[in-house]
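# Chain and residue survey
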Amino acid sequence: MGKKVYMDNAATTQTKQEVINEMIKYFNEMYGNPSSIYDLGRTSKRAINKARTSVAKFINADEDEIYFTSGGTESDNWALKGVANANKSKGNHIITSKIEHHAILHTCEYLEKQGYEVTYLDVDENGVVNIEQLKESIKDNTILITIMFANNEIGTIQPIKEIGKIAKEKGILFHTDAVQAVGGLRIDVKDLNIDLLSMSAHKINGPKGIGALYVKKGTKLDNFMHGGAQESKKRAGTESVQNIVGFGKAVEILEENFDEHIEKITKLRDRLIKGIKDNIADIKLNGHPVNRLANNVNFSFNYIEGESLLLYLDMEGISASSGSACTSGSLDPSHVLMAIGLKHEIAHGSLRLTLSDSNTEEEVDYVVQKLVDVVNRLRVISPLKG
Amino acid sequence: MYTEKVMEHFRNPRNVGEIKDADGIGMVGNAKCGDIMKIYMKINNGIIDDVKFQTFGCGSAIASSSMATELIKGKSVDEAVELTNKAVVEALGGLPKVKVHCSVLAEQAVKSALYDYAQKNNLVVKGLEDFNPDEDVHEH
């Protein structure tokens, strides 16, 4: 077997060895339940609090504003359902966008069935939410605005500060799904007027199955998980101590050399974009040309289909992803690519390559070289390339 | 998720290309759904001497086209009309349920090319009486 190049870091990332090293201790010698009063329990409790401090610091929140969850999806579900339930007396209108993750969109659809009203904002061709439409959509009964920080497919970063300002002026709660953004850019929840923020560990070289919801002090939010008194009685269930420790460690590593990390990934990203643009014709870069995540590259290749592209790349040892219908098991291509106005056949031919700081320039060049071959091969087979 | 046979035909698709002076050409599917198949046939004395395909689509669409062309090459028009999507699936060692429509598309592409040949030559081909080349086979 030849080379292996992993460029699907928006799907998940490799758990760093330093993270695993920290976690292991909490499987063997320090296995106490954090709710127990003896030393072993207190050790676990301390470990959780240390991680909580790290996560809080990372987004400029206070420690008691961070609640650990099972991941991004739970955080999104909790934020939306919790706010909707707790603010019923105030109103039943929620504003979101058409390009949110399914954890938001499907939760919104569920809430619609429960009698809530949801406005799905359009985005422009770069995937940026229409701010004017947002302002016009606000009504007296609007209780929540939920707009993702950065898009998982096309990497577009939203004008979060502007949205936060609007929400604050109107006295509406503002939630953002920052699962992809954490690790890609600096986030300051105070400066950005964010009331709730979802994050996930496995997108930043932490373990899977752990995330957090930041909830600004004083925010009215119903519980989602009912049971014990964990997480200040806000999120029941014995804490996943080793995962929380891993999350904390992943954040600490990221914090330590954040600027270098971003600079390195951005350079790789720009090299990859340039390499593809210089060597392949009839393509389109999807997402914002400038305001995009440091690790995100998304192209559509005319005349070919995404699943074929992924399979041929896989044969060359390259792991990537696509917004093609065939990779999702549904008839339609990605809702995000549709929302930015791509024609179906162009959306079917999309490829997402997402980098990490473990990738190298040599890997980027290898991917470009293989991509040229694979795209040519598929175009030879295609009836659309006349 | 794909059988070794599917992957083998996907890796090395047979009969790729076009036939300039084809006697029958069939194109089915649409870009909206993400798969289009085009089949070209050279037919002499009722025998398919040569067949080529071009496909825009996923791995199973390419493998299904490749297999379908293999199954009808050298066969008579009457035999080729009998090709079913089931036969394509079986020859491929199976397809995932969500991909079975690719084999239906391959069957339709073959029939469509045969229909075109019959139309051009004022022939009545048994089995194509009710064939509608514009029928949408996307039921996935």
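Residues numbered from 1 in each chain as written. Chains lettered and ligands numbered in written order. Predicted model: local features only at pLDDT ≥ 70, side-chain atom pairs only at ≥ 80, totals over all residues. Heavy atoms only, no water.

Check the secondary structure of chain A and you find 13 helices and twelve strands. Over its C-alpha trace chain A gives a radius of gyration of 21 Å, about what one expects of a compact globule, namely 21 Å for 386 residues. Relative to its full complement of 386 residues, chain A shows a buried share of 60%. Of the contacts made within chain A by residues no fewer than 6 positions apart, 72% connect residues no fewer than 24 positions apart. In the structure as shown, chain A presents an accessible area of about 15700 Å², 49% of it carried by carbon and sulfur atoms. In chain A, the 46 positive side-chain charges and the 52 negative ones have mean positions that sit 2 Å from each other. (Helix = DSSP H or I, 4+ residues; strand = E, 2+ residues; numbered from the N terminus. Rg over C-alpha atoms; globule rule 2.2 N^0.38 Å. Buried < 20%, exposed > 50% of the residue type's maximum accessible area, 1.4 Å probe, protein only. Contact = heavy atoms within 4.5 Å. Areas by Shrake-Rupley, 256 points an atom, 1.4 Å probe, with all protein chains shown as cover. Lys, Arg positive; Asp, Glu negative; His and termini not counted. Charge placed at Lys NZ, Arg CZ, Asp CG, Glu CD.)

Attention now goes to the sheet that holds strand E10 (residues 296-301) of chain A. All names here are of chain A. The strand order across the open sheet formed by three strands is E9-E10-E12, and the pairing between neighbours is antiparallel. Two strands close off the open sheet at either side, each with one partner strand: strand E9 (283-285) and strand E12 (350-354). Within the sheet, the average angular offset between the axes of one strand and its neighbour, ignoring direction, is 25 degrees. Note: E10 against E12, five bridges, orientation antiparallel. By the bridge assignment for E12, asparagine 296 is matched with threonine 354. Against the sheet, helix H9 (residues 258-279) makes contact with E9, E10 and E12, and its axis sits at roughly 15 degrees relative to E10, the strand it touches most. Lying over the sheet, helix H13 (residues 361-381) contacts E9, E10 and E12, oriented at roughly 20 degrees with respect to E10. (Pairing = 2+ DSSP bridges. Axes fitted to C-alpha atoms, helices over the stretch in contact; angles between N-to-C directions.)

Opposite the 24 residues of chain B that make contact, chain A presents 20 residues. A buried area of about 1900 Å², summed over both sides, lies between chain B and chain A, and 70% of it is on carbon and sulfur atoms. Together, Phe10, Lys32 and Phe56 of chain B form the three largest contributors to the area buried by chain B at its contact with chain A, with a combined 29%. For the pair chain B and chain A, the interface holds one salt bridge. At the junction of chain B with chain A, the criterion picks out nine residue pairs in polar contact (both at pLDDT 80 or more). The set of elements that each furnish at least two residues to the side of chain B that touches chain A consists of helix H1 (4-11), strand E2 (35-44), strand E3 (47-56) and helix H2 (59-72) of chain B. Per element, the largest residue contribution to the side of chain B that touches chain A is four residues, and it comes from E3 of chain B. Classifying every residue of the side of chain B that touches chain A gives 13 nonpolar, seven polar and four charged. (Buried area = accessible area lost by both parts, 1.4 Å probe. Salt bridge = Lys/Arg side-chain N within 4 Å of Asp/Glu carboxyl O. Polar contact = N/O pair within 3.5 Å; in protein donor to acceptor, adjacent residues only side chain to side chain. Nonpolar A, V, L, I, M, F, W, Y, C, P; charged D, E, K, R; others polar.)

Right, let's talk about the packing of H9 of chain A against H13 of chain A for a bit. All names here are of chain A. At a minimum axis separation of 9 Å, H9 and H13 run at an interaxial angle of 25 degrees. Of the possible angle classes, the one that applies to H9 and H13 is roughly parallel. Between H9 and H13 lies a crossing whose hand is right-handed. Facing H9, whose interface residues are Leu268, Arg271, Leu272, Gly275, Ile276 and Asn279, H13 presents Glu361, Val364, Asp365, Val367, Val368, Leu371 and Val372. Its residues placed into classes, the contact of H9 with H13 shows eight nonpolar, two polar and three charged. (Parallel < 35°, antiparallel > 145°, perpendicular 65-115°, else oblique. Left-handed = near helix turned anticlockwise from the far one by under 90°.)

What follows covers the packing of aromatic side chains. Taken as a whole and assessed by the stated rule, the structure comprises six aromatic pairs over all chains. Ring centres of phenylalanine 68 of chain A and phenylalanine 247 of chain A lie 5.9 Å apart, and the angle between their planes is 70 degrees; on these two criteria the pair is classed as edge-to-face. Here phenylalanine 68 of chain A, found in strand E2 (residues 66-69), pairs with phenylalanine 247 of chain A, found in helix H8 (residues 241-256); they are 179 residues apart in sequence, far enough to count as distant. One exposure class covers both phenylalanine 68 of chain A and phenylalanine 247 of chain A, and it is buried. With a centroid separation of 4.3 Å and 15 degrees between ring planes, the pair formed by tyrosine 312 of chain A and phenylalanine 10 of chain B is classed as stacked. Of the two residues, tyrosine 312 of chain A sits in helix H10 (residues 306-315) while phenylalanine 10 of chain B sits in helix H1, which places them in two different chains. Overall, tyrosine 312 of chain A belongs to the buried group, its relative accessible area being 1%. (Phe/Tyr/Trp six-rings, centres within 6.5 Å; stacked < 30°, edge-to-face > 60°.)

Let us look at the pattern of salt bridges. All names here are of chain A. Inspection of every chain in the model, using the stated rule, returns 33 salt bridges over all chains. A salt bridge links glutamate 231 to arginine 52, with the nearest nitrogen and oxygen atoms 2.9 Å apart. Of this pair, glutamate 231 sits in helix H7 (residues 230-233) while arginine 52 is found in helix H2 (residues 39-58), placing the two residues 179 residues apart along the sequence. Judged by relative accessible area, which is 5%, glutamate 231 ranks as buried. Residue classification places arginine 52 among the buried residues on the basis of a relative accessible area of 11%. Linking arginine 186 and aspartate 259 is a salt bridge whose minimum nitrogen-to-oxygen distance equals 3.9 Å. Residue arginine 186 is located in the loop between strand E6 (173-177) and strand E7 (196-200), and its partner aspartate 259 is located in helix H9; the two are separated by 73 residues in the primary sequence.

Next up on the list: the pairing of strand E3 (residues 93-97) of chain A. All names here are of chain A. Of all five residues that make up E3, five are buried, and the element is covered over most of its length. The alternating pattern of E3 places His93, Ile95 and Ser97 on one face and Ile94 and Thr96 on the opposite face, and all of these are buried. Direction of pairing for E3 relative to strand E4 (residues 117-121): parallel, over a ladder of five bridges. Of the residues in E4, the one forming a bridge with isoleucine 94 is valine 118. Where the polypeptide runs from E3 across helix H4 (residues 102-113) and back to E4, its parallel neighbour, the crossover connection is right-handed. Of the pairings in the sheet, the one linking E3 to strand E5 (residues 142-146) comprises three bridges and is parallel in character. Directly across from histidine 93, in E5, lies its bridge partner threonine 142. (Right-handed = clockwise from strand over helix to strand, strands pointing away.)

Next up on the list: helix H5 (residues 100-120) of chain B. Residue and element names in this part refer to chain B. Taking 1.5 Å of rise per residue, the 21 residues of H5 would be expected to cover 30 Å, and the 31 Å separating its terminal C-alpha atoms lies within 8% of that figure. Along H5, 16 of the 21 residues are buried, which leaves the element largely enclosed by surrounding structure. Note on H5: the residue one or two positions beyond its end, asparagine 122, has a positive phi of about 50 degrees. (Expected span 1.5 Å × (residues − 1).)

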